[in-house]
Each structure stands twice: as structure tokens, then as C-alpha cells.
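# Observations on chain architecture
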Amino acid sequence: MATDPRDNLVAWLRDAHAMEEQAITMLNSQLKRLEHYPALKARIGQHIDETKRQEQVLQACLDRVGGGSSSLKDAAGKLTAMAQGMSGVFASDEVVKGSLASYTFEHMEIASYRILIAAAEAVGDAQTKAACERILAEEIAMADWLSDHMDDITRQFLSRDEAGLTAKR
Ligand SMILES: [Fe+2]
């Protein structure tokens, strides 16, 4: 059975939209709980704003390619369990587990946009390709920030924990 490449592009745009909705949920729960890691908190706040714009851009792409929004809810549900399991919100080292989860999630996003860029190029959808390239740059920047700060966050956690201070958030 033949599948129009456009149908795959639409399905992957829907998946990405659901992924960003899940990202907002996960980042918001981290933002609300963080107290002693101001740099991380500020970067997460910035990325929440970026992610909300990304979600709107993806919705506009879907509207343009005719993907509609009818099945967005189903796709969102699939990712919920995974993101919740990864977020580590109630772990005694939640800032460390949260950073690990965020770093992992950003790389899933990076892979998703590389897939979308290739698919958009294959069907000649220059607008979707350009939109996904802009989003990809923001995901790479967030992943790089987390990579650059992972050791600092870990050291801060260890020293606070060792001193008997609240370390986990
Ligand atoms: Fe992201």
C-alpha cells in the first residue's frame, strides 16, 4: 500500500506538537518546584516561552498542510507516561533526575526536528522546513546549556546535600 509522503509529514508534525505539549507540562512542574538553582530555573523559564511559541508554529504548519487538530489529544496521551516517568519529580535527587530527563527529552526533540526537516524537504514544503530549522536551533541551544551546566548542578546538589541543606530543588 502506497503512502503519500505528505501523510507521514502530517503525522510527524502531530507527534511533534504532542511532544511540545508534554515538554511544557514537564518544564512547568520543574519550574514551580525549583528554589535553590536560579540559573537552571531561569533557563527553564526561557525555554517554556520558546516551547509555547514552537507549539503555535507547529499548529500553524498543521493547519497549512491540512493536518487539523482532531487527533492531537491521542498523540499527547502516548507521551504522558514516558515524560512523567522521566521527570523524577518526587525523587530525593529530583534536580539531578530532572536535568537528566530534560537533557534526554531535548535530544528526542532534536531528532524529531531533524526527521521533520528531511521530510519537509522531501515533499518540497519550504515553509515547514524553515519553521522546523528555527525550532531545531532552540532545542540544540537548550540541550547545549544543559550539557554545559550538568556538572555545576551536580556539584551544587552534592554540596548542599552534604551540608544538610535542601538540595533536591
Ligand atoms: Fe525543547
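Scope of this entry: the structure provided in the associated data block. Everything numeric here is computed off the predicted structure, so don't read it as measured data.

### So, the environment of R33
- Tracing the chain through its elements places R33 in helix α1 (residues 5-33).
- With relative accessibility at 21%, the residue R33 sits in the partly exposed group.

### Here's the deal with the packing of α1 against helix α4 (residues 94-123)
- The interhelical angle for the contact between α1 and α4, taken along N-to-C directions, is 160 degrees, at an axis separation of 10 Å. The orientation of α1 relative to α4 falls into the category roughly antiparallel. The hand of the α1/α4 crossing is left-handed.
- Taken together, the residues of the contact of α1 with α4 sort by class into 18 nonpolar, five polar and five charged.

### What to know about the packing of helix α2 (residues 38-65) against α4
- Look at α2 against α4: their axes get within 14 Å of each other, and the N-to-C directions meet at 30 degrees. Here α2 lies roughly parallel to α4, going by the angle between them. Once α2 is placed against α4, the crossing between them reads as left-handed. Between α2 and α4, the residues in contact are L40, H47 and L58 and V95, S99, E106, E109 and Y113, respectively.
- Taken together, the residues that form the contact of α2 with α4 break down as four nonpolar, two polar and two charged.

About the criteria used
The numbers attached to residues start from 1 for each chain and follow its sequence in the written order. Only residues with pLDDT of 70 or above have their local features reported here, since the model is predicted, and side-chain atom pairs are shown and tallied only from 80 upward, although totals for entire chains, interfaces and linings are computed over all residues. Note: side-chain values were computed over all heavy atoms of the structure, leaving out hydrogens and water. Each helix is a run of DSSP H or I of at least 4 residues and each strand a run of E of at least 2, with the numbering of both proceeding from the N terminus. Residue exposure (1.4 Å probe, protein chains only): buried if accessible area is under 20% of the type maximum, exposed if over 50%, otherwise partly exposed. Helix axes use the C-alpha atoms of the stretch in contact, all axes being lines fitted to C-alpha atoms, and the angles between their N-to-C directions lie in the range 0 to 180 degrees. Roughly parallel refers to an angle under 35 degrees, roughly antiparallel to one over 145, roughly perpendicular to one between 65 and 115, and oblique to any angle outside these ranges. It is the rotation of the near helix from the far one that decides the hand of a crossing: anticlockwise by less than a right angle makes it left-handed, clockwise makes it right-handed. Each residue is assigned to one of three groups, with Ala, Val, Leu, Ile, Met, Phe, Trp, Tyr, Cys and Pro labelled nonpolar, Asp, Glu, Lys and Arg labelled charged, and all others, Gly among them, labelled polar. Contacts: residue pairs with any heavy atoms within 4.5 Å of one another.

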